[in-house]
Amino acid sequence: MEFLCYHRDRVGSLPLRYALREEHWTYMDRYAEALIARGPTFADDGETLTGSVHILEVPDPAAARAFAFDEPGYQAGAYRDVLLRRWRNLLGRTMEEFPGGRDGGDRYLVIGLGAGEPADVTPPREQDELIAFGSLLSDDGATWLGTAALVRAPDPAAARAVLTAERYADIEVHNWEFGGRPS
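Residues numbered from 1 in each chain as written. Predicted model: local features only at pLDDT ≥ 70, side-chain atom pairs only at ≥ 80, totals over all residues. Heavy atoms only, no water.

Peer 1: Would you mind going over the environment of Ser135 with me for this structure?
Peer 2: Examined against the element boundaries, Ser135 turns out to sit in strand E6 (residues 130–137). Classification of Ser135 by relative accessible area gives buried; the value is 3%. As a C-alpha pair, Ser135 and Thr122 span 13 residues in sequence and 8.6 Å in three-dimensional space. Discounting residues that sit within four places of it in the chain, Ser135 has contacts with Arg86, Trp87, Arg88, Leu90, Asp120, Val121, Trp144, Gly146 and Thr147. (Helix = DSSP H or I, 4+ residues; strand = E, 2+ residues; numbered from the N terminus. Buried < 20%, exposed > 50% of the residue type's maximum accessible area, 1.4 Å probe, protein only. Contact = heavy atoms within 4.5 Å.)

Peer 1: So what exactly am I meant to see when it comes to the pairing of strand E7 (residues 144–153) here?
Peer 2: Consecutive side chains of a regular strand alternate in pointing toward one face of the sheet and then the other. Most of E7 sits inside the fold, with 9 of its 10 residues counted as buried. Direction of pairing for strand E5 (residues 106–114) relative to E7: antiparallel, over a ladder of 8 bridges. Bridge pairing links Ile111 to Ala148 in E7. The antiparallel hairpin formed by E6 and E7 contains 6 residues in its connecting segment, where Gly141 sits at a positive phi of about 80°. (Pairing = 2+ DSSP bridges.)

Peer 1: I would appreciate a short explanation of the nonpolar core in the present structure.
Peer 2: Proteins that are soluble and globular tend to have nonpolar side chains buried together. Counting residues in hydrophobic clusters, the biggest one holds 19 residues, and the most contacted among them are Leu4, Ile55, Trp87, Leu150 and Trp176. Among the secondary structure elements, those contributing two or more residues to this core are strand E1 (2–9), strand E2 (35–42), strand E3 (49–57), strand E4 (79–89), E5, E6 and E7. With 3 residues, E6 is the largest single contributor of residues to this core. Ignoring sequence-local partners within four residues, the contact set of Ile55 consists of Phe3, Leu4, Ala34, Leu35, Ile36, Ala37, Trp87, Ala132 and Leu150. (Core = buried A, V, L, I, M, F, W, Y, C linked by side-chain atoms within 4.5 Å.)

Peer 1: What's the story with the sheet that holds E7 in this structure? I'm lost.
Peer 2: Hydrogen bonding along the main chain pairs the strands of a sheet, whether they run parallel or antiparallel. Read around the barrel, 8 strands follow the order E1-E3-E2-E8-E5-E7-E6-E4 and close on themselves; strand pairing throughout is antiparallel. Between one strand axis and the next, the sheet turns by 30° as a mean value, whatever way the strands run. Of the strand pairs in this sheet, E2 and strand E8 (residues 168–176) are connected by 2 bridges, and their pairing is antiparallel. Residue pairing for E8: Phe42 is matched across the bridge by Asn175. Helix H3 (residues 61–70) rests against E1, E3 and E4 of the sheet, and its axis sits at about 145° to E4. (Axes fitted to C-alpha atoms, helices over the stretch in contact; angles between N-to-C directions.)

Peer 1: Help me understand the pairing of E6, please; the structure alone is not making it clear to me.
Peer 2: Across the 8 residues of E6, 8 count as buried, placing the element largely inside the fold. For E4 and E6, the ladder comprises 4 bridges, and the chain directions are antiparallel. Bridging from a neighbouring strand, Arg86 pairs with Leu137 of E6. Sheet analysis places E6 next to E7, joined by 7 bridges and oriented antiparallel. Each bridged residue has a counterpart across the sheet, and for Ala132 the counterpart in E7 is Leu150.

Peer 1: It is not clear to me how H3 should be interpreted in this structure. Could you clarify?
Peer 2: Each α-helix turn comprises 3.6 residues. Residues three or four places apart therefore point the same way. Listing the buried residues of H3 in full gives Pro61, Ala64, Phe67 and Ala68. Mapping the buried residues of H3 onto a view down its axis gives an arc of 120°, with all of them on the same face. Looking at the buried side of H3, the elements it contacts are E1, helix H2 (21–29), E3, helix H4 (72–76) and E4. The backbone nitrogen of Ala62 lies 3.1 Å from a side-chain oxygen of the residue at the head of H3, namely Asp60. (Arc of directions from axis to C-beta. Polar contact = N/O pair within 3.5 Å; in protein donor to acceptor, adjacent residues only side chain to side chain.)

Peer 1: What is the right way to read the side chain of Asn175 from this model?
Peer 2: Looking at the secondary structure, you find Asn175 in strand E8. Of the residues examined, Asn175 reaches a relative accessible area of 18% and is grouped as buried. Here the side chain of Asn175 touches Ala43 through a polar contact of 3.0 Å, landing on its backbone oxygen. Leave out the neighbours within four places in its chain, and Asn175 touches Pro40, Thr41, Phe42, Ala43, Asp44, Arg107 and Tyr108.

Quick look at the structure:
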């Protein structure tokens, strides 16, 4: 099963996140084979960390909760909340398989929280700028709760446009970059 996990930073937790950097990397190394996509989100200034997104494949919801809540930053209180939802990988690839590569252009995490009938259950025709795209679902996979995407776009408005706006209660757009242990 695939899950999207988005840890949102608690205000003032940046020194704690930096102090736990190596513990975070060591923890993530244990999940390296399971990760579909990952990376930090940033404020509009492009420098201030605001969270971390991880999309991964694990056996079940209990394993996803363990991943999210055993993470060292979460355990130390660095995050204000965690969005954890089952996710369906509609592109069938990892971020490393994105044809556009790791560099070039602005990248965004787009989260559309559902309202009513499912929307965007198939990716847009133009997929060249989609890094990851998938439905957010209930733990049993039966109920559509929204859509999440990682996208390369010229600006936040263009990133938001990958979703059908009127079909969502809310759409969040966050500056994002490819993650992974620095080499």
